[in-house]
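Summary of structural features
If you want the building blocks of each chain, they are given just below.
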Amino acid sequence: MPAVTVENPLTLPRVTAPADAVTRPVLTVTTAPSGFEGEGFPVRRAFAGIDYRHLDPFIMMDQMGEVEYQPGEPKGTPWHPHRGFETVTYIIDGVFDHQDSQGGGGTITNGDTQWMTAGSGLLHIEAPPEALVVSGGLFHGLQLWVNLPAKDKMMAPRYQDIRAGNVQLLTTADGGALLRVIAGELDGHQGPGATHTPITMIHATVAPGAEVTLPWREDFNGLAYVLAGRGSVGADRRPIQVGQTAVFGAGSALTLHADERQDGHTDLEVVLLGGRPIREPMAHYGPFVMNTRAELQQAFDDFQKGRLGTIPAVHGMTPGGPR
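Quick caveat: nothing in here was measured; it's all calculated off a predicted structure. Here the residue numbers are simple positions, counted from 1 along each chain's written sequence. This being a predicted model, a pLDDT of at least 70 is required before a residue's local features are given, and a value of 80 or more before pairs of side-chain atoms are given or counted; all residues contribute to the totals for chains, interfaces and linings. Think of the side-chain values as coming from all heavy atoms in the structure, minus any hydrogens and water.

Right, let's get into the nonpolar core. Note that soluble globular proteins tend to have their nonpolar side chains buried in a common cluster. Nonpolar core, defined: a set of buried Ala, Val, Leu, Ile, Met, Phe, Trp, Tyr and Cys residues in which side-chain atoms within 4.5 Å join the residues together. Each residue gets one of three labels from its accessible area relative to the maximum for its type: buried under 20%, exposed over 50%, partly exposed in between, using a 1.4 Å probe on protein chains only. Membership of the largest hydrophobic core comes to 31 residues, with the highest contact counts inside it found for Phe47, Phe58, Met61, Leu144, Met201, Leu223 and Leu273. Whether two residues touch is decided by their heavy atoms; if any such pair falls within 4.5 Å, the residues are in contact. In this structure Phe58 touches Phe47, Tyr52, Leu144, Trp145, Val146, Ile199, Asn221, Leu223, Leu273, Gly274 and Gly275, once residues within four positions along its chain are discounted. Among the nonpolar cores identified, the runner-up in size contains 28 residues, and Leu186, Ile202, Leu214 and Phe248 belong to it.

What follows covers the pairing of strand 15 (residues 177–183). Runs of E in the DSSP output that reach at least two residues are strands. Runs of H or I that reach at least four are helices, and both are numbered from the N terminus. Within strand 15, 7 of the 7 residues are buried, which leaves it mostly tucked inside the rest of the structure. Two strands qualify as a pair provided that DSSP identifies no fewer than 2 bridges between them. Bridging between strand 14 (residues 168–172) and strand 15 involves 4 bridges; their strand directions are antiparallel. Note on strand 15: the bridge partner recorded for Thr171 is Leu178. Counting the residues that bridge the hairpin from strand 14 to strand 15 gives 4 residues, and of these Gly175 lies at a positive phi of roughly 75°. For strand 15 and strand 18 (residues 199–206), the ladder comprises 6 bridges, and the chain directions are antiparallel. From the neighbouring strand, Ala177 faces strand 18, where its bridge partner is Val206.

Looking now at the sheet that holds strand 4 (residues 41–45). Pairing in this open sheet of 7 strands is antiparallel, and the strands run 3-4-5-12-7-10-13 from one edge to the other. Two strands lie at the open edges of the sheet, namely strand 3 (34–37) and strand 13 (158–162), each paired on one side alone. The sheet shows a mean angle of 25° between the axes of neighbouring strands, taken without regard to direction. As defined by bridge partners, strand 7 (residues 85–93) adjoins strand 12 (residues 137–147) across 8 bridges and the pair is classed as antiparallel. Each residue of the ladder has a partner; that of Phe85, found in strand 12, is Asn147. Axis lines are fitted to C-alpha atoms, over the contacting stretch for helices. Their N-to-C directions set the angle, which ranges from 0 to 180 degrees.

Turning our eyes to something else, we now look at the pattern of salt bridges. Whenever a carboxyl oxygen of Asp or Glu lies within 4 Å of a side-chain nitrogen of Lys or Arg, that contact is scored as a salt bridge. As enumerated under the stated definition, the model contains 8 salt bridges in all. The shortest N-O distance in the salt bridge between Arg45 and Asp62 comes to 2.6 Å. In this pair, Arg45 is assigned in strand 4 and Asp62 in strand 5 (residues 58–69), connecting sequence segments 17 residues apart. Judged by its relative accessible area of 27%, Arg45 is partly exposed. Residue Asp62 is classed as buried on the basis of its relative accessible area, which comes to 0%. In this structure, Asp152 and Lys151 form a salt bridge, with 3.0 Å as the shortest nitrogen-oxygen distance. Assessed through its relative accessible area of 68%, Lys151 is described here as exposed. It is possible to trace a salt-bridge network through shared partners that takes in Arg83, Asp302 and Arg307.

To continue, consider the packing of aromatic side chains. Given two aromatic rings, their pairing is described by the distance between the two centres and the angle made by the two planes. By convention, a stacked pair of Phe, Tyr or Trp rings (six-membered ring in the case of Trp) has centres within 6.5 Å and planes under 30 degrees apart, an edge-to-face pair has planes over 60 apart, and any other such pair is tilted. Throughout the structure, instances matching the rule amount to 6 aromatic pairs. Between Phe96 and Phe139, the aromatic rings sit 5.0 Å apart at their centres with planes inclined by 45°, giving tilted as the arrangement. Placement of Phe96 in strand 8 (residues 95–100) and of Phe139 in strand 12 is noted, with a sequence separation of 43 residues between them. Exposure remark for Phe96: the relative accessible area of 3% places this residue in the buried category. Judged by relative accessible area, which is 3%, Phe139 ranks as buried.

Our focus in this paragraph is the sheet that holds strand 22 (residues 238–241). Read across the open sheet, the 4 strands follow the order 19-24-21-22; overall the sheet is antiparallel. Across the chains shown, the open sheet's two edge strands, defined by having one partner strand only, are strand 19 (211–215) and strand 22. Within the sheet, the average angular offset between the axes of one strand and its neighbour, ignoring direction, is 25°. Pairing of strand 21 (residues 230–233) with strand 24 (residues 253–258), which is carried by 3 bridges, proceeds in the antiparallel orientation. What sits directly across from Val233, in strand 24, is Leu256.

Attention now goes to the environment of Arg45. Residues Arg45 and Ser34, spaced 11 residues apart in sequence, show a C-alpha to C-alpha distance of 6.4 Å. Here a polar contact means two N or O atoms within 3.5 Å. Within protein one must be a hydrogen donor candidate and the other an acceptor candidate, and residues neighboring in sequence count only if both atoms are side-chain atoms. Within the local environment of Arg45, its side chain forms a polar contact with the side chain of Asp62, the two groups lying 2.6 Å apart.

Along the chain, His98 falls in strand 8. There is a polar contact of 3.2 Å between the side chain of His98 and the side chain of His124. A distance of 3.1 Å separates the side chain of His98 from the side chain of Tyr159, its partner in a polar contact. Excluding anything up to four places from it in sequence, His98 contacts Gly104, Gly105, Gly106, Gln114, Met116, His124, Ile125, Glu126 and Tyr159.

Have a look at this one:
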């Protein structure tokens, strides 16, 4: 980790917060519980226990791995439906295949992101390729769910395949951090991901002892999830470590600092998220995220009646549990 890097960050555009920027306070730091998803791959539930008013427009996020699979061990998810939101799958290390009931599909690996707007709904499956199942190997990634506003919930499904080489790379004034802008904008620099709900998604690698202060839109919320390492967040340097999420309060800048000594990894790895809250009623159950209970029931009815698509007959599978 990570898959996308540069030899000398000082060759990249540099990001600095204005001198009069107001550093956001840290409201809470929570620890993600561990569990299993799909056919049994390990995850950390990054947003468990966080009030949704601090998450909006984000719904949930799983850290998948980091795990070193032995031959025969790699696992994925069975066929399952989605409606009413977007899934963002970011593969840091390893490879994942995707297929859907509308004939779409693809492979993402080492720094790639697949942005799936489920919209009105479809069925899909995510799994490691056969070669990885046979050989085993390193697997590490994230899956983030982003809500859609009511006006877009029933739009036609679409995909964005964001390849590692298209991610916007930036650094800080002293070159102490590598910032990968996957979606949204940071200090005038635009990431490749196009979103219906305005958000920013950044994977930051912070060198030991380095501090990062980034300008942050005041109309966005602010979240920091630690993928690896340890450090501190906010003006008061609240401690944070792998598997923990910091929720920031109001302000115009985010600050994080990497400890001088790291355990197991040489750097602090953090995913930074911000978005403009939708502030609409949300009805969420399993793989469906709608605005009302009636819409939620309609989604289940449509799924059961095959209106979200059918599984290609070649697989001979039945729809699996929700993801």
